[in-house]
Amino acid sequence: MVAEKQEVTLTVNGESHEISVEPRELLSQTLRERLGYTEINIGCESSICGACTVRSDDKTLKSCTRLTVQADGAEIVTIAGVSEDGVLGELQTAFTEEHALQCGYCTPGMIMALDEYLDAHEDPSREKIRSDALQGNLCRCTGYENIVDAVEVASEVLNESSQ
Amino acid sequence: MNSPDLDGVIGESVARTEDHRVLTGNSTGTADISVANALHVQFLRSEKAHARFDIDASTARAHSDVVAVYTAKDIEESGTPTPEPFSLYAAPMKGVPHPDSAYLQQSIAAEKVRYQGEIIGVVVGTSQRAARDALNDIEVSYDELEPVMSTTDALADEAPVLHEGVSDNVVFEGASGDKAETAANFDAAAYTATLKKDPQRVSPCPLEPRSAIATYDSSMDTLEFVATTQIPHGYRRLLSQMLNHPEHKTEVTVPDMGGGFGARQHPYPADVLVGWCARDLSATVRWRATRTENQLVENDGRGYEGTWEIALSNDGDILALRSNIRYDLGAWVARGACGLAQSGNSVMTGQYDVPAAYSHVTGVVTNKSRVDAYRGVAGTEMIMMLERLVTRVAKKAGLDPATVRRRNFVEPDQFPYENATGAVYDSGEYERNFQVGLDAVEYEAVQARKETLRNNGRYLGVGICSYVEGAALGPCGELDVPTWGYGGVQVHPTGEVTVYSGGANHGQGHETSLAQVTATELGVPFDDISVVENSTKEVTDGVGTFASRTAALCGSAITESCRKVLEKGRQIAAYEWDVAEDAVSFDHGTFHCDTIEQSRTFQEIAAQAHMGAALPAELEPGLEEQTYFDPETRTWSFGTHIAVVELDPDTGAIEFHDYVATEDCGVQINPDIIKGQIVGGIAQGIGQTLYEDVEYSDDGTLLSDALRDETLGSSGGYVLPKAEHVPEITIKSTETPSPHTPHGAKGMGESGAIAAPGAIINAITDALEPFDTEPMTPPITPEMVWRAMSQGGAE
Amino acid sequence: MHPEEFSYQRAQSIEHAVELLEQEPDAMLLAGGHGLIPAMKKRELTPETVVDIGQLNDLRGIRRTNQTVEIGALTTHREVLDSSILAKSVPVIPQTVDHITGGRQVHNFATIGGNIARAHPGYDYEGALLAAGCDVHVQGPDGSRIVPIDEFVRGACSTVLRDADVVTAIEIPTVDGTRAGSYAKRKEPASGNAIVGVATDLHFDSTESDRCRSATIAVNGLQASAIRLTAVEEALIGRQLDQDTVEEAAAVAGESVDEDAVLDNKKASAEYRRALLDTYVYKSLSSSAKT
C-alpha cells in the first residue's frame, strides 16, 4: 500500500515552508526533524507531558498530537518565536528570575501554555495556577513551586503594564 | 576570603547562565543535533520476560531502506570485536566478593531473554521510521520459561533459575554492623518496634528519553559519542573497554540533557550497540528511545523490601537498629546497583548516636529490568524506615517523637562521628537545625490543633523525618572507580577565566555555581568566567555528576586551582617588586605589597604571565592550574522535613496543610539553586510515597510503560506528579560548614527525595492514630487510607 | 512513536465523509485527533485510511434553536467553555468540560464528537450529556438519524455507531426558568480520567425561586458507561437545596446503582468507587446549589 505524500505549507515563526510529507508524519516530527525547530521537545508518547506545545493559529497545541497534513496552512509559533532578537518577554524573564527551570526540557512547551493562560486569566491564584494553568505540562526537575512563583510574578507585571 | 562588593559570589542567588538559551529556544539536546548521512537504529526488544528464542532477520534485511540488521550471532561472526560484558563499579559491601560473572550482562541476548525489553536485534536504517517499520519483519519465536516476578519467588525452592551456574538466584549476601551487639541491645530494650516494607520500584523518568549518536571515522580510527550520560569520562572509559577501542581515540560529549537523577551514568546495552554499529559500518549511527522504550529499559530505582526494627531504652535512648532486606536487582546486575547496599547501610542510623546496628542485605535477580541508582538511592528506604520506627517506638513509650529525636541526635562535639556501620560524619548541628523546623511548622500549636480537630471528626497528622545525606563519595579507594573531583582554571591574558570541571551539568546550574566559586576566589567579575563541562574533548578528566558531588568535589578542585593561580600570581608580583612572597597579598582583584606601595591587577598579572618575560626562573609562562581533589571523607548534609496532612474519612484523600523542610548543606553557593533541588526532590519523594509504582504483570509484562494509559482496567499510567500534586513548601536553612572542603560547602541535591517519604508516611500514620490500622507501605493511595479509616473503627 | 502507513483523505462534506468511510478499506475518522493519534502512535490502531473531517465547518458551532441548543460535533472543549449560550442554557456542560484533563492544549483541539464517540468510561462528557438529556445526530449510509443519549452508548468504549457513521451534532433541550449545573470529579492521577465524576443539572422556576423544580444527575466512571441517579433526582424535586436536603439526597445515590455493575479494577475497587459516589454527589449538588 502506498501512502501518498501530501504537499503542505506551514509558516513557523514567520518563515514559510513548503514540504511534502507522508500522512503519518506528526507535526512535532516535521517541525523538529524536517525543519530543524528542535526547541520542541518530546517527553512522552501519550500526549500528556506537554513539552511539545506550540501555538498553531493562535491556539496552543501539543504538536505530537497533530498530523502535519492536518496543519496545512497553519501559522505555528514556538518559544523561539516568542522572543524577538533574543530579548526575553515578561514570562521568560520571570522564569529565570524565579529559577523556574532546571534541566529546561519541559520549559519551551511550558512557556507556550502559560503564555496563553496569562492572556486569558488575570491574577490567578496559586491554586489555580497549579490546577489549571499547569494541567497540561509535566516537569520532573523543579517540583513546580518556582514555576508557580514565575507565573504570579509575570501576571503582576503584565497587569501593571496593561493598566 | 570574602569579597562582599563583587558580584556573583558564593552566597548569592545569581540567576542562571544556563537559562537564556533555554528560554530563547536554543537549548540543544542529543536528539536535536543534526548529522548529515546519519543512520538510525531501532532495537528489537524481547516481548517476553523469560524465554529461549529463535530469530530470523532475513525479511527485515531485504528492506531497501535498511542498511543492516544484527542479531547476537551476526555480531559474534562479524569482523568487529564483540562487545565485552558489563562490569560493576564496586563490591556490594566491604568484605563481600563480587558477584558471579554469570550476572554480568551482554549487550545483546543470544539465546535466552531474561526481561521484557532485553535487546535481541538491531536494525540500522536510513531513517528512524524506516528502521521502525523493519522491526515488524523480524521473526521471533519464543519458548517461554516461567518468569520470576518477586524476590520471594526467586528464593523459593525449585524456583526457575535465571542464570546458568547460579542456581539460587542470589547475587550477593552481606551485612554491615555488629550482629551480636545489636541482638544484645534488643534483648536489653524496654521497647521495640518492627515495620515491614513491601517491594516498590520507581522509575526515575527524566523527561528527555535516552539518546546516543556514535561516529566512527575509519581514516582516523576515532570513535565519538554524543549521548545522555551524567559521567562523560566514565562513559568513555567503559565504552572503550567494552568495544575494545583505545580510550585516547574515543570521545564523549554531552549536550543539554533533560534530567538524569542517577539513571544516566553508565552506558546501557543500547549505547554500546550504537557504538558497535558505528564501528562496524564506519558511519554515524544514532538512536533515541521512545518514552515506552525508556520506561522499559532505563534503570528503576529502589527495589528494597524486608523488615526493619528499633530498640529503645526506658528513658528514650535508641539502643539498636536492625534490618533484614531483600533487594530486587532485576534480571542483570547493573553497574552501580550492588554498591548501593553499602551506601544504604551507611546511613541507617540517620542523625542519631546509636551504639549498635546491623543490616543484612540479600541481592536477588528477577525477570524485570535492572535496578540501579535513583536520587537518594537506598538511603531513601533506610531513612524512611528509620524515621517511621523512631516515631512508632516513641509513641509506644508514651514519648513525643520530637523529644525522642532530640534526645538521640549526635551532639556537635561528637564530630567527626563514626556511626555503628562504620560511616564517618564530618560535621553537624542537628538539634539547632531541627528546632528551626519545629518553629517553622509551629509544632506545639499544630499538635494542639490536631487534638481539637479529632474531637470534631477531622483527622490531622504531623510527620517528622530527620535525615542525613552522605553526599560526594570519597575518599579514593573506597570503590573500584575514582571518586575525586577535577577542576581546572585557565586564566586568559585578558584576565577572563575558563573553568574546566569534571562534572556534568544537567539542570543543577554548574555553569552558574562554579562561576560563583571562581568569582569569589579570584575576584573576577562573574561575567568574565566561563564554565566548561560535559566533554572529554574539552575537559581533561572527570568523574561526573551524581551522588550530589559536584559542588563539594569539583567546586573544591576549582577552589584549589584558583588558589594555585593566586599563589603563582603572588610569586610573579613578588619577583617584580623584589620582595618576599609573603609580603604580597591579594584581595578585591588586586595584588598588593604590604611593605611598599605597589599593586597590580589580576588582569595585569595574567597578561604578564602569558608573555612569559619577567618571571622568576623557576616559573613557567602561562597562568593555568588544575587539581584532582581527593576528599578525606564524604560530606554529610542533614535536615528535617515535617509534613502536616489531613485525611478525609469519606474519600481517603490526603491533603497537605503544611510542608516544612530544613536543610543544612554547609555553606551555600547559590541558595536559589539549593532550594530548587530540595523542592524537586520533594516532588519525587511525593511521587514515591503517594503515586509512583513500576507495575509488572504476573507474566513479566511491564504495565506501567506510559505516562498516561487509557486501557480499560489499567492503573491509568505511570504517575509523574503534576503541579496540583505538590503542596506549597517552606524551606529553612542552617549552615554548618564541612571541615573538609575549602569553602565549607557540602554536597546536596538528594535530600528532598530522601526525606519526603518518611515525613509524609509518618504524617499519614499519625492522622490514622484513632483508627486501629495496620502500617502501610508506599505508594499509599487514598483507597488504602479510606479502607483504614472505614474499617479501622474510629472512636 | 511512528504510526503505521495509511492513506489520507479529506472529506469535502459530511456525505463525502460517509462515502469514504464506506468505500475505503479499513477507514477511521479523524476529527480533533486526540483519541486517534495517540492510539496510532502506539500502533494500537492501524487504519489503512484516515478520513479527515476537521475542516467541515458545518459541524462546528453552538446555536440556539426554538427549544434546544445544538452543538456541532467538531466543537472544541474551548468553544464550549467560552460559550455564553451554554453557560446560560445548559451550564452542566461547560462545568463538566472544565474538568476534562490534558490542559488548555487539549481543550483547544479535542472535540465533543470525538469524546462521545469514544465513550470511554473515564471520560466526562457522557455523564453531562446524560444529565442534560440530549439527542445525538448521526449521519450514515442510510441517511441521518437521531439517537437519544441513553441509547447511544452501549458499554465501555462501545456505541451504536457503525463503521460508516459520523456524529454530526448534539442537541440538548432547553428548559424554562433557570438552570444550574456542576461537575464534581475524582481524578485518576496519571490519566486524569474520572474514577467517579458526577454531573448535576438543576432546574428552577426562576432566579428568585430556591426550590428545585427538577434535577437530573449522572455519574461517569462508576460503571462501564454513565448512569442516571434517579433516586437522588427524586429526592430533590420541589425541595429547597439546603445542606440537609443535599445530604439526604446524596445518601440515596446508591439506590440507583446496580452493585454488580460497578467497575472493580486497579484504579479503584468497586467498594471504594461506590463509597466515593455519595461524597461526589454531595459535592456536585452543593456546588450547583450555590450557583
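Predicted, not measured: the structure shown is a model, and the values here were computed from it. Along each chain, residue indices are assigned from 1 in the same order as the chain's sequence is written. Numbering of ligands from 1 and lettering of chains from A proceed in the order in which they are written. This being a predicted model, a pLDDT of at least 70 is required before a residue's local features are given, and a value of 80 or more before pairs of side-chain atoms are given or counted; all residues contribute to the totals for chains, interfaces and linings. Side-chain measures here rest on the full set of heavy atoms in the structure, leaving out hydrogens and waters.

Some points on the overall build of chain B
Only DSSP runs of H or I with at least four residues qualify as helices, and only runs of E with at least two residues qualify as strands; both kinds are numbered from the N terminus onward. Helices and strands together make up the secondary structure of chain B, namely 20 helices and 30 strands. What the globule rule says is 2.2 Å times the number of residues to the power 0.38, and the radius of gyration is computed from C-alpha atoms. Relative to the globule expectation of 28 Å for 795 residues, the C-alpha radius of gyration of chain B, 28 Å, shows essentially globular dimensions. The C-alpha extent of chain B, read off along each of the three principal axes, is 85 × 75 × 50 Å. Considering chain B as a whole, with its 795 residues, one finds that 65% of them fall into the buried category. Counted over contacts in chain B with a minimum sequence separation of 6, partners at least 24 positions apart contribute 80%. The buried label applies to any residue whose accessible area, calculated with a 1.4 Å probe on protein chains only, is under 20% of its type's maximum; exposed applies above 50%, and partly exposed to all values in between. By definition in these notes, contact holds between two residues if any of their heavy atoms fall within 4.5 Å.

Comments concerning the nonpolar core
Judged by nonpolar contacts, the single largest core of 162 residues is most densely connected at Phe95 of chain A together with Phe172, Tyr659 and Ile764 of chain B. When residues in this core are grouped by element, the largest group, 11 residues, is from helix α11 (residues 377–396) of chain B. Bear in mind that the domain bounds are from an automatic or database domain assignment. Summarising the domain contributions, this core has at least three residues from each of domain 1 (6–81) and domain 2 (90–161) of chain A. If we skip the residues at most four places from it in the chain, Phe95 of chain A touches Ala100, Leu101, Thr107, Met110, Ile111, Leu114, Ile147 and Ala150 of chain A together with Leu23 of chain B. Side-chain atoms within 4.5 Å are what join buried Ala, Val, Leu, Ile, Met, Phe, Trp, Tyr and Cys residues into a set we call a nonpolar core.

Details of the environment of Asp578 of chain B
Residue and element names in this part refer to chain B. The topology assignment puts Asp578 in the loop between α16 (550–577) and β24 (584–587). The class of Asp578 is exposed, set by a relative accessible area of 70%. Spatially, the C-alpha atoms of Asp578 and Cys593 are 10 Å apart, while their sequence positions differ by 15 residues.

Examining the packing of aromatic side chains
All names here are of chain B. Stacked, tilted and edge-to-face pairs are distinguished by plane angle, under 30 degrees for stacked and over 60 for edge-to-face with tilted covering the rest, among Phe, Tyr and Trp rings (Trp via its six-membered ring) whose centres lie within 6.5 Å. With the rule as written, the count across this model stands at 19 aromatic pairs over all chains. Among the aromatic residues, ring-to-ring pairing joins Tyr352, Phe409, Phe415, Tyr430, Phe434 and Phe638 into one connected group. Remark: a charge is flagged as sitting over a ring if the NZ atom of Lys or the CZ atom of Arg is within 6 Å of the ring centre and within 35 degrees of the ring normal. When the ring centre of Tyr268 is taken as reference, the NZ or CZ atom of Arg210 above it lies at 3.6 Å. Cation over ring: Arg279 sits above Tyr216, and NZ or CZ is 5.4 Å from the ring centre.

Some words on the packing of α16 of chain B against helix α17 (residues 602–611) of chain B
Residue and element names in this part refer to chain B. Remark: α16 packs on α17, axes separated minimally by 10 Å, with the N-to-C direction vectors making an angle of 80 degrees. Between α16 and α17, the interaxial angle falls into the category roughly perpendicular. Within the contact between the two elements, α16 uses Val565, Leu566, Gly569, Ile572, Ala573 and Glu576 and α17 uses Phe602, Ile605, Gln608 and Ala609. Counted by class, the contact of α16 with α17 contains 7 nonpolar, 2 polar and 1 charged residues. Every axis corresponds to a line fitted to the C-alpha atoms, with the helix fit spanning only the stretch in contact, and the corresponding angles, defined between N-to-C directions, vary from 0 to 180 degrees. Throughout this description, any angle smaller than 35 degrees is read as roughly parallel, any larger than 145 degrees as roughly antiparallel, any in the 65 to 115 degree range as roughly perpendicular, and the remainder as oblique. Under the convention adopted here, Pro, Cys and the residues Ala, Val, Leu, Ile, Met, Phe, Trp and Tyr are nonpolar, Asp, Glu, Lys and Arg are charged, and Gly plus all remaining residues are polar.

Overview of the packing of helix α12 (residues 401–408) of chain B against helix α13 (residues 430–441) of chain B
Residues and elements named next belong to chain B. For the pair α12 and α13, the least separation of the axes is 10 Å and the interaxial angle reads 160 degrees. On the basis of the axis angle, α12 is roughly antiparallel to α13. In this structure, α12 crosses over α13, and the sense of that crossing is left-handed. Listed contacts from α13 to Ala402, Arg405 and Arg406 of α12 are Glu431, Phe434, Gln435 and Leu438. Looking at the contact of α12 with α13 residue by residue, the classes come out as 3 nonpolar, 1 polar and 3 charged. It is the rotation of the near helix from the far one that decides the hand of a crossing: anticlockwise by less than a right angle makes it left-handed, clockwise makes it right-handed.

Here's the deal with the domain arrangement of chain A
Many structure descriptions define interface size as the accessible area lost when the parts assemble. Residues and elements named next belong to chain A. As far as domains go, chain A holds domain 1 (6–81) and domain 2 (90–161). Taken together, the contact between domain 1 and domain 2 spans 18 residues of the former and 15 residues of the latter. Throughout, the accessible surface (probe 1.4 Å) given up by two parts as they are put together, summed over both, is called the buried area. Carbon and sulfur atoms supply 55% of the area buried between domain 1 and domain 2, which totals about 1200 Å² over both sides. When residues of domain 1 are sorted by the area they lose upon contact with domain 2, Asn41, Thr60 and Ile79 head the list and together hold 39% of the total. Only one rule defines a salt bridge in this text: a Lys or Arg side-chain nitrogen within 4 Å of an Asp or Glu carboxyl oxygen. For the pair domain 1 and domain 2, the number of links is 1 salt bridge.

Comments concerning the sheet that holds strand β25 (residues 590–593) of chain B
Residue and element names in this part refer to chain B. When DSSP locates at least two bridges between a pair of strands, those strands are taken to pair. The 3 strands are arranged β24-β25-β26 in an open sheet whose pairing can be described as antiparallel. Looking at strand neighbours, the two that pair on one side only are β24 and β26 (599–601), the edges of this open sheet. The average angle at which neighbouring strand axes cross in this sheet is 20 degrees, direction not considered. Note: β25 against β26, 3 bridges, orientation antiparallel. If you follow Phe591 over to β26, its bridge partner there is Arg600. Docked against the sheet, α17 engages β24, β25 and β26, running at close to 80 degrees with respect to β26.

Some points on the sheet that holds strand β27 (residues 624–629) of chain B
All names here are of chain B. Spatial ordering of the open sheet is given by β23-β22-β21-β27, a layout of 4 strands whose pairing is mixed. Because the sheet does not close on itself, it has two edges, and the strands there are β23 (529–532) and β27. Sheet twist, expressed as the average angle between the axes of neighbouring strands with direction ignored, equals 15 degrees. Of the pairings in the sheet, the one linking strand β22 (residues 497–501) to β23 comprises 4 bridges and is parallel in character.

Here we look at the pairing of strand β11 (residues 222–227) of chain B
Residues and elements named next belong to chain B. With 6 bridges joining them, strand β10 (residues 211–217) and β11 adopt antiparallel strand pairing. Paired with Thr215 across the two strands is Glu224, which belongs to β11. Linking β10 to β11, which pair antiparallel, is a turn of 4 residues; within it Asp221 sits at a positive phi near 55 degrees. Looking at chain direction, β11 and strand β12 (residues 250–253) are connected through 4 bridges and run parallel. Bridge pairing links Leu223 to Thr250 in β12.

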